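Residue strings, one per chain:
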Amino acid sequence: MARFTDENVAIAEEIIARYPRKRSALIPLLHLAQEQDGYVTEEAMEHIAELVGITPAEVLGTASFYEMFKREPVGEYLVNVCTNISCMLLGGEELLHHLENRLGIKAGETTPDGKFTLEDVECIAACTEAPCLQVNYRYFYRVTPERADQLVEDLRAGKLSHEVPRHGVLSRVRQVLPENRAGVAPPDRNVEPAWLARNETATEGDT
Amino acid sequence: MTDREIPRIVSARWDLADGHTLERYRETGGYAALEKAVTTMTPAQVHEEVKAASLLGRGGAGFPAGVKWGFTPPGVFPRYLVVNGDESEPGTYKDRIIMERDPHLLIEGVLLACYAIGAAQAFLYVRGEMALAQERLAQALNDAYAAGLIGRNILGSDFSVDVVLHWGAGAYIVGEETALIESLEGLRGMPRLKPPFFPAAKGLYMQPTVVNNVETLSNLPWIVANGGAAFADLGAESSKGTRLFAVSGHVRNPGVFEVEFGTTTFRDVIFGERYADGIRDGNRLKAFIPGGASAPWFYEEHLDLPLEAGAVGAAGSMLGSGAIVVMDETTDAVKAAWRIVRFFARESCGKCTPCREGTAWLEKILRRILDGHGRPADVDKLLDICDNISPSITFPPKQTTICPLGPSAVSPIASAIMRFRDEFYAYCGGGEITVPVNGKAYLSTPPTVGANP
Ligand SMILES: Cc1cc2nc3c(=O)[nH]c(=O)nc-3n(C[C@H](O)[C@H](O)[C@H](O)COP(=O)(O)O)c2cc1C
Ligand code: SF4
Ligand code: FES
């Protein structure tokens, strides 16, 4: 584990080819690494550095800026409770504390069985559905303490495995750039796009 | 609020269970504007319609889209379009709904913008935490490519463009447009100093780059289909068309509403039966945030202001990202201010000292006050730090920093202290205020007569 599998190398190369500069693929590739292993390992960062043509330190530099990239294993289910203003007004903090008690851990910690990691997060853009939380970035709205208990039970029993994939799996649909793609626009070639010529023709026609 | 029928420009398909599919999108008129543009209009004509519409950016800064497009230097290619789908300003909830429930609307808007400005590639930057939005957009892009609506020779024309789905990984600051570009280049998402370079001239890969918000672009299909004049016919003053507002907090019916921009009032959306339906439990309104966590707070005396950029600006705040957060009388103002400041302290990218240090100290002092260890000198100290981050505590705030994030942290503190001083005194045992505060909303005083409706 940890370096990309052959299958993922193929995906990685396809992603890199979408961008005018390879380094732009860094965040998508870090997500791919997290999808493969559940977190971003050092070996994966080294492999990404090779693929993109930068140093492993540069990959770490970028990875460490972003909260979603976990460089240590986390629980199978990452439970992110929003406590920002709209949720705070409607019990977000109480919901977080309820889950802390229920799971026997503090925000930022993982249960000993490796099932749950709990986090106290900033606004997740569901403010009118407060208080809300995400499990592996899937939303649960207007969560009461009772619903939170039920959710924990259901997750433990594997009842939600369809809606909530394991940590690391973000989008289950991948964009594929097909045959009829327009192709990358390299920044160092000053070529006017064909259709802009229509502006000239139109002006000539007008005069 | 006017009585005439207001079209739903960006929320038309929200009630359809399959509004996100290509099939339903086309059945309900989708991609007709794209076809109209590429078969009957020149790029310049599309640009003209957007200018005529006076479409203001919906991402926070409210800059007219048509004017911004005009800033791309002539003859310099390639140009890029970067779509800002990083929605993370506290209280803001609208771009995600568009991306999840009507992804083709956004894609069509992106294509129209690329056509008009001559962008050869578009990058759709979606916030990392939005898994469903990423799935819906990936599917929509795949389907649109297969139907010949994106890619080489779109609809058989000379218009060719790729739309690449890209996503973030958790960092509020990446929503700032130059940080977004840095992030898209694979770097830490820290804002660039501007001037000298603005993205329109030198953005992604130092090439001309237009950054537009998801909601902004989603208006384009309607504008192209119906004409810029029809759009400008809606709304008032500088605020044209319709706009999405998320009303959250202590209201009976929190929700995201598309209303006529510029004419609808705060009272309409907060108290109107069709909208948020008033304060919960028959409580009284204490304060509301009119435009996201960065905005100075408003109070009952502001309820009759229209949702109009100029009017709200003149009253000392902003509509920002269309996020209205309502607090009733049970709200602890000190705690609310602390929670918002904690957000800025956490999300500061750390590049500028006033922001990095200032927000961290504000948060620590407020936390200490809430924990029962407040001192009388703390109230003035908080304002003194605010004054260091943004001298003379005005609105819009003076900027000592690379981006507006640091100065934004001043709004909740100055709002809470100036209006609810007694609550601070109750925690701190008094305190004298010597630091001058100048923002108009901070100095607003409650009306002597008139109560909650
Ligand atoms: C700290 C900060 C955060 C921002 N976050 C967002 C955001 O999440 N989404 C957004 O569209 N604009 C955001 N903006 C505004 C962008 O910088 C930019 O003005 C906007 O994307 C331009 O699009 P528009 O003209 O269509 O509104 C943010 C600005 C700042 C200073
Ligand atoms: S103001 Fe804050 S967030 Fe913005 S660039 Fe400076 S340190 Fe970073
Ligand atoms: S404040 Fe909780 S989702 Fe926005």
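Residues numbered from 1 in each chain as written. Chains lettered and ligands numbered in written order. Predicted model: local features only at pLDDT ≥ 70, side-chain atom pairs only at ≥ 80, totals over all residues. Heavy atoms only, no water.

Mind showing me how you'd approach the confidence of the model for chain B here?
Low pLDDT marks regions whose predicted coordinates should not be analysed in detail. Predicted confidence across chain B gives a mean pLDDT of 96, with 98% of residues reaching 70 or more. Here the prediction assigns the complex a pTM of 0.97, and the interface score ipTM is 0.96. (pLDDT = per-residue confidence, 0-100.)

Honestly, the sheet that holds strand β2 (residues 116-121) of chain A in this entry has me stumped. Any pointers?
Backbone hydrogen bonds hold the strands of a sheet together, and the pairing may be parallel or antiparallel. Residues and elements named next belong to chain A. Taken in spatial order, the 4 strands make up an open sheet running β2-β1-β3-β4, and their pairing is mixed. This sheet does not close on itself; its edge strands, each paired only once, are β2 and β4 (138-140). When the angles between neighbouring strand axes are averaged without regard to direction, this sheet yields 25°. Pairing geometry for strand β3 (residues 133-135) and β4, over 3 bridges, is antiparallel. Within β4, the residue paired with leucine 133 across the bridge is phenylalanine 140. (Pairing = 2+ DSSP bridges. Helix = DSSP H or I, 4+ residues; strand = E, 2+ residues; numbered from the N terminus. Axes fitted to C-alpha atoms, helices over the stretch in contact; angles between N-to-C directions.)

Any chance you could explain the sheet that holds strand β3 (residues 162-167) of chain B here in plain terms?
Residue and element names in this part refer to chain B. Overall, parallel pairing links the 4 strands, which are arranged β3-β2-β1-β4 in an open sheet. Two strands in the sheet have a free side with no partner beyond their single neighbour: β3 and β4 (209-213). With direction set aside, neighbouring strand axes in the sheet form an average angle of 20°. Sheet analysis places strand β1 (residues 79-85) next to β4, joined by 5 bridges and oriented parallel. Within β4, the position partnered with leucine 81 by the bridge is valine 210.

Would you take a moment to explain the environment of threonine 242 of chain B for this structure?
All names here are of chain B. With respect to the helices, strands and loops of the structure, threonine 242 is situated in strand β7 (residues 242-249). Once the C-alpha coordinates of threonine 242 and alanine 131 are considered, the two residues, 111 residues apart in sequence, prove to be 28 Å apart. Not counting chain neighbours up to four residues away, the residues in contact with threonine 242 comprise Ile6, Pro7, Ile9, Arg58, Phe231, Leu234, Glu258, Val259, Glu260 and Phe261. At 2.4 Å, the side chain of threonine 242 and the side chain of glutamate 258 are in polar contact. (Contact = heavy atoms within 4.5 Å. Polar contact = N/O pair within 3.5 Å; in protein donor to acceptor, adjacent residues only side chain to side chain.)

I keep staring at the site of ligand 1 and nothing clicks. Help me out?
Residues and elements named next belong to chain B. Near ligand 1 lie 18 residues; those nearest to it are Gly59, Asn84, Asn212, Asn213 and Thr216. Asparagine 84 places a side-chain nitrogen or oxygen 2.9 Å from an oxygen atom of ligand 1. Taken by itself ligand 1 offers 610 Å² of open surface, and the protein chains cover 90% of this. Ranked by residues supplied to the shell around ligand 1, first place goes to β4 with 3 residues. Its residues assigned to classes, the shell around ligand 1 shows 4 nonpolar, 8 polar and 6 charged. (Near = heavy atom within 4 Å. Areas by Shrake-Rupley, 256 points an atom, 1.4 Å probe, with all protein chains shown as cover. Nonpolar A, V, L, I, M, F, W, Y, C, P; charged D, E, K, R; others polar.)

Where do I start with the interface of chain A and chain B in this structure?
Often the size quoted for an interface is simply the accessible area lost on bringing the parts together. With 71 residues of chain A at the interface, the matching set in chain B holds 98 residues. Overall, the association of chain A and chain B removes approximately 6,500 Å² of surface from exposure, summing both partners, and the carbon and sulfur fraction of that is 55%. Area buried by chain A at its contact with chain B is led by Phe65, Trp195 and Arg198 of chain A, which between them contribute 12% of it. The residue glutamate 122 of chain A makes a salt bridge to arginine 339 of chain B at a minimum N-O spacing of 3.0 Å. Where chain A packs against chain B, one counts 51 residue pairs in polar contact (both at pLDDT 80 or more). Of all the secondary-structure elements, those providing two or more residues to the side of chain A that touches chain B are α2 (26-37), α4 (56-63), α5 (85-89), β2, β4 and α8 (197-206) of chain A. (Buried area = accessible area lost by both parts, 1.4 Å probe. Salt bridge = Lys/Arg side-chain N within 4 Å of Asp/Glu carboxyl O.)

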